[in-house]
Amino acid sequence: MSSQAPSNTYSLPTSLTHSPSNTQPAGGRKSWKQRLDFLSAPISNFSTREDGHGLNRPSTNASPRNDHMPKWWRIQLFRGMINDVRRRAPFYWSDWTDAWDYRVVPATVYMYFANILPALAFSLDMFTKTNMSFGVNEVLLASVLGSVVFAVFAAQPLVIVGVTGPITVFNYTVYDIMVPTGTNYFAFMCWVGLWSLVMHWILAVTNACNALKYVTRFSCDIFGFYVAFIYLQKGIQVLTRQGSEEPFYLSIVMSLLVLVIGYLCGVIGTSPLFQHYIRVFIKDYGTPLTVVFFTGFVHVGKMREVDLSTLPTSKAFFPTTDRSWFIHFWDIRVGDAFIAIPFAILLTILFYFDHNVSSLIAQGTEFPLRKPAGFHWDIFLLGLTTGIAGLLGIPFPNGLIPQAPFHTDSLCVTKVVADPNEEGANKGHVITKVDHVVEQRVSNLAQGLLTLGTMSGPLLVILHLIPQGVLAGLFFVMGVQALEGNGITSKILFLCKDASLTPKSEPLKRIRRRNMIWVFVAIQLIGFGATFAITQTIAAVGFPIIILLLIPFRTFVLPKWFEDEELRLLDAPTASPFTMISVGGNFGEGAEDSDIGGVASGDETAAQSGEVSNTDGMFVDGDSDEGKAERGEGRGINVGVGIGEGMKRRESWRGEGRSGRWGNEEGHELQIQGGGRGVRKRSASRQSK
């Protein structure tokens, strides 16, 4: 008689056999808890145990559900930070040794210009709107602070940290509100930073970053769309301040030329034109060379007679105004120190979303990363830099969009492969595929140190030569590039395409109700419009609340209007389950069914980055680098490690129906799938709670 595969059901024999060893003494009857002890006993992989009553129960890799479902009121303080450090620490040495790669040098130079040029443009904006309170040196020092701290100590060193458009809006809005009341602006902003430091640390200690599992491309695209329009708006505002007719029109021409040439450099970098190394050079250095060229071009011919406004600078390594670098935060009314608390709350909300979204996008699903992330530890560091920035009287730095994903993209090593989705006449078409990412800390640190050198006297003299019209064009380049890579833009372009000429590989073509794409885009545009509109008023400091409300709206409202399949195609997790291990995985990835009945808890998720489950319910290969990182063991990995050697890494985990296979030495196989009812799903990571 053929043997049957073990099932997860209990089989009760016709008669219960009691062996002498199981006979209880008089008056020693087992309690009901003792009789159910086998439910909480340690279980091995796919083995079958038999208790004293002949109850056969096949064991699985899952621990009992009651042991791994933390209650919301039972917050394990510091657990998220500790786990982040434990996962990332084994890779710290390799973060430095892996920098011996040819991609690090161009990535460093590219990010230096990609970070410093927008920072200079933002410094011009704050210089004008805060009555010279913030200038070039303050913005540069903020970028240096963020770069050095996060490059050396962060669990996510690929994230570029500096001065962003939203914090620029926050700074001059606070100035407009508080300065007319006679408040010491720098002392007030220092208190905002110190209160925000405490709030950031509370978020880190209480594992609040676990809420990132609910963040999807929906809210990230809206925020990215908003940031792109902030860039465009700032460029227009710079042009409107260019004095008389001749400087005004020449500045417009310069800005448009910078936009066109800078954008074409990016297009050439992704086109089949020229040799590969030429395309890479144009893509990496095209924009900064454009700025250098037009800075000199305005001095040719009759243009030299036009009095163009340039970037205002100050003395090397000194603040813009006559003050010291250390803020006397005690020179303020006691009441104003407490009035800073609501502003600190808004700043914390902004940074919680902005920095974490920057981290998510920089470690998005399109990048085959192999080293673990750590959101809890990084939010702790962000609180530290926020407090230090307040004491120094400089803008608060945080994660940059789009510079953070640009950094990861600049570190990608690509190869040309045949397009597997093309058929017929298009068969044989080739595409560029990312082979791996050079994950290291040197490029971020190096661009920060270069930024520090920019505060020296000779370089400040050079920066003072840059016309404001060229900076406006730089704003336009950054805005257009951010819009081009945004999900809202891609959906709008899809809707405008001829359906008969759209490739079959386009995922949106699988949506049955095409009008729901319009509805989804309209909702995103409404969210963007509300965010952008409030920033044009005196209530601009409240815009982080609108951004934060987008997350529960996506999680709880949109599923009532859209089918599951539609949401899977229209929206997606921002980062892969491997990256999201730090926060318990993506929402819904492990929330279907479980072996022990009932619905799986929200802290269970399917992370397809490992192969064998451990006793904690996390699917990681016990001998792989991810498994060692999760346990806080082992050494760092090399970027070039083979994908088939210990680490099962997918190029596109979403394209496989969010499924994965894990095998064991006995030939048993466990399959995890994201579709259908009744399909069991196993916990893939532990939530830090």
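Bear in mind the structure is a predicted one, so any value in this text is a computation, not a measurement. (Residues numbered from 1 in each chain as written. Predicted model: local features only at pLDDT ≥ 70, side-chain atom pairs only at ≥ 80, totals over all residues. Heavy atoms only, no water.)

Quick look at the overall build of the protein
Within the protein, the regular secondary structure consists of 21 helices and eight strands. By the burial criterion, 53% of the 689 residues in the protein qualify as buried. Within the protein, counting contacts between residues at least 6 apart in sequence, those at least 24 apart form 79% of the total. Carbon together with sulfur atoms contributes 63% to the accessible area of the protein, which is approximately 30600 Å² in total. (Helix = DSSP H or I, 4+ residues; strand = E, 2+ residues; numbered from the N terminus. Buried < 20%, exposed > 50% of the residue type's maximum accessible area, 1.4 Å probe, protein only. Contact = heavy atoms within 4.5 Å. Areas by Shrake-Rupley, 256 points an atom, 1.4 Å probe, with all protein chains shown as cover.)

Regarding the packing of aromatic side chains
Per the counting criterion, the structure on display carries 35 aromatic pairs. On the numbers, 5.4 Å between centres and 80° between planes, the contact of F188 with F343 is edge-to-face. Here F188 is found in helix α7 (residues 185–205), whereas its partner F343 is found in helix α11 (residues 334–362), with 155 residues between them in sequence. Note on accessibility: F188 and F343 belong to one class, buried. Pairwise contacts between aromatic rings join W191, W195, F326, F329, W330 and F338 into one cluster. The ring of Y172 carries K129 above its face, with NZ or CZ at 4.3 Å from the centroid. Positioned above the aromatic ring of F318, the side-chain terminus of K315 is 4.6 Å from the ring centre. (Phe/Tyr/Trp six-rings, centres within 6.5 Å; stacked < 30°, edge-to-face > 60°. Lys NZ or Arg CZ within 6 Å of the ring centre and 35° of its normal.)

Description of the nonpolar core
Residues L120, F170, V174 and V192 are the most contacted members of the largest nonpolar core, which totals 137 residues. Once you skip the residues sitting within four places of it in the chain, V192 turns out to touch F170, A340, F343, A344, L347 and F396. Within the second largest apolar cluster, twelve residues are counted, among which are A99, F367, L369 and V413. (Core = buried A, V, L, I, M, F, W, Y, C linked by side-chain atoms within 4.5 Å.)

Observations concerning the packing of helix α4 (residues 104–129) against helix α10 (residues 276–297)
Across the interface, α4 lies against α10 with an axial gap of 9 Å and an inter-helix angle of 40°. Considered as vectors, α4 and α10 are oriented oblique to each other. By crossing handedness, the relation of α4 to α10 is classed as left-handed. In contact with V105, P106, V109, Y110, F113 and L117 of α4, α10 contributes K283, D284, Y285, P288 and V291. A class-by-class count of the residues in the contact of α4 with α10 yields nine nonpolar, no polar and two charged. (Axes fitted to C-alpha atoms, helices over the stretch in contact; angles between N-to-C directions. Parallel < 35°, antiparallel > 145°, perpendicular 65-115°, else oblique. Left-handed = near helix turned anticlockwise from the far one by under 90°. Nonpolar A, V, L, I, M, F, W, Y, C, P; charged D, E, K, R; others polar.)

Points about the packing of helix α8 (residues 217–240) against helix α19 (residues 543–561)
Running from N to C, α8 and α19 point in directions that differ by 150°, and their axes come no closer than 9 Å. By the angle between their directions, the pair α8 and α19 is classed as roughly antiparallel. Read as a crossing pair, α8 and α19 show a hand that is right-handed. Between α8 and α19, the contacting residues are F218, S219, I222, F223 and Y226 on the first element and F543, I547, L550, I551, F553, R554 and L558 on the second.

A closer look at the pattern of salt bridges
One pass over the structure, following the stated rule, counts 14 salt bridges. A salt bridge links R88 to D95; the shortest N-O distance between them is 3.0 Å. Classification of R88 as buried rests on a relative accessible area of 7%. Residue classification places D95 among the buried positions, given a relative accessible area of 0%. Linked through salt bridges whose partners overlap, the residues forming this network are R88, D95, D98, K371 and R441. (Salt bridge = Lys/Arg side-chain N within 4 Å of Asp/Glu carboxyl O.)

Structural notes on a nonpolar patch on the surface
On the surface, V253, L257, V260, I261, L264 and V267 cluster together to form a nonpolar patch covering roughly 430 Å² of accessible area. Exposure remark for I261: the relative accessible area of 33% places this residue in the partly exposed category. (Patch = residues over 30% accessible without salt bridge, like charges linked within 9 Å, V, L, I, M, F, W, Y side chains within 5 Å.)

Section: α10
Between its first and last C-alpha atoms α10 spans 29 Å; for 22 residues at 1.5 Å apiece the expected length is 32 Å, and the two agree. The complete set of buried residues in α10 reads R279, I282, D284, Y285, G286, T287, P288, T290, V291, F294 and T295. Contacts made by the buried residues of α10 are with α4, α9 (245–269) and α16 (468–484). (Expected span 1.5 Å × (residues − 1).)

Structural notes on unusual backbone geometry
Even without a glycine there, the phi angle at F78 is positive, about 70°. Inspection of the secondary structure assignment puts F78 in the loop between β2 (56–58) and α2 (79–88). One non-glycine residue, M132, lies in the positive phi region at around 65°. Relative to the helices and strands, M132 resides in the loop between α4 and α5 (136–153). Judged by relative accessible area, which is 41%, M132 ranks as partly exposed.

Looking at the environment of S582
With respect to the element layout, S582 can be found in the loop between α20 (564–570) and α21 (625–631). A residue is classified by how much of its surface remains accessible, and S582, at 1% relative accessible area, is buried. Residues S582 and G80, spaced 502 residues apart in sequence, show a C-alpha to C-alpha distance of 7.2 Å. At a separation of 3.2 Å, a polar atom in the side chain of S582 contacts the main-chain amide nitrogen of F375. (Polar contact = N/O pair within 3.5 Å; in protein donor to acceptor, adjacent residues only side chain to side chain.)

Comments concerning the side chain of S219
In this fold, S219 is placed in helix α8. Engagement of the side chain of S219 in a polar contact is seen with the backbone oxygen of T216, the distance being 3.4 Å. Among all residues touching S219, those that are not within four sequence positions of it are F353, L550 and I551.

What to know about the confidence of the model for the protein
With 73% of its residues at a pLDDT of 70 or more, the protein has an overall mean of 76. Throughout residues 35–67 the model reports pLDDT below 50, and contacts reaching past four residues in sequence, or to other chains, amount to 76 contacts. (pLDDT = per-residue confidence, 0-100.)

Here we look at the environment of R513
Position of R513 relative to the elements: it lies in the loop between α17 (487–496) and α18 (515–534). In sequence terms R513 and E566 are 53 residues apart; their C-alpha atoms lie 8.4 Å from each other. Look past the residues within four positions of R513 in its chain and what remains in contact with it is W561, F562, E563 and E566.

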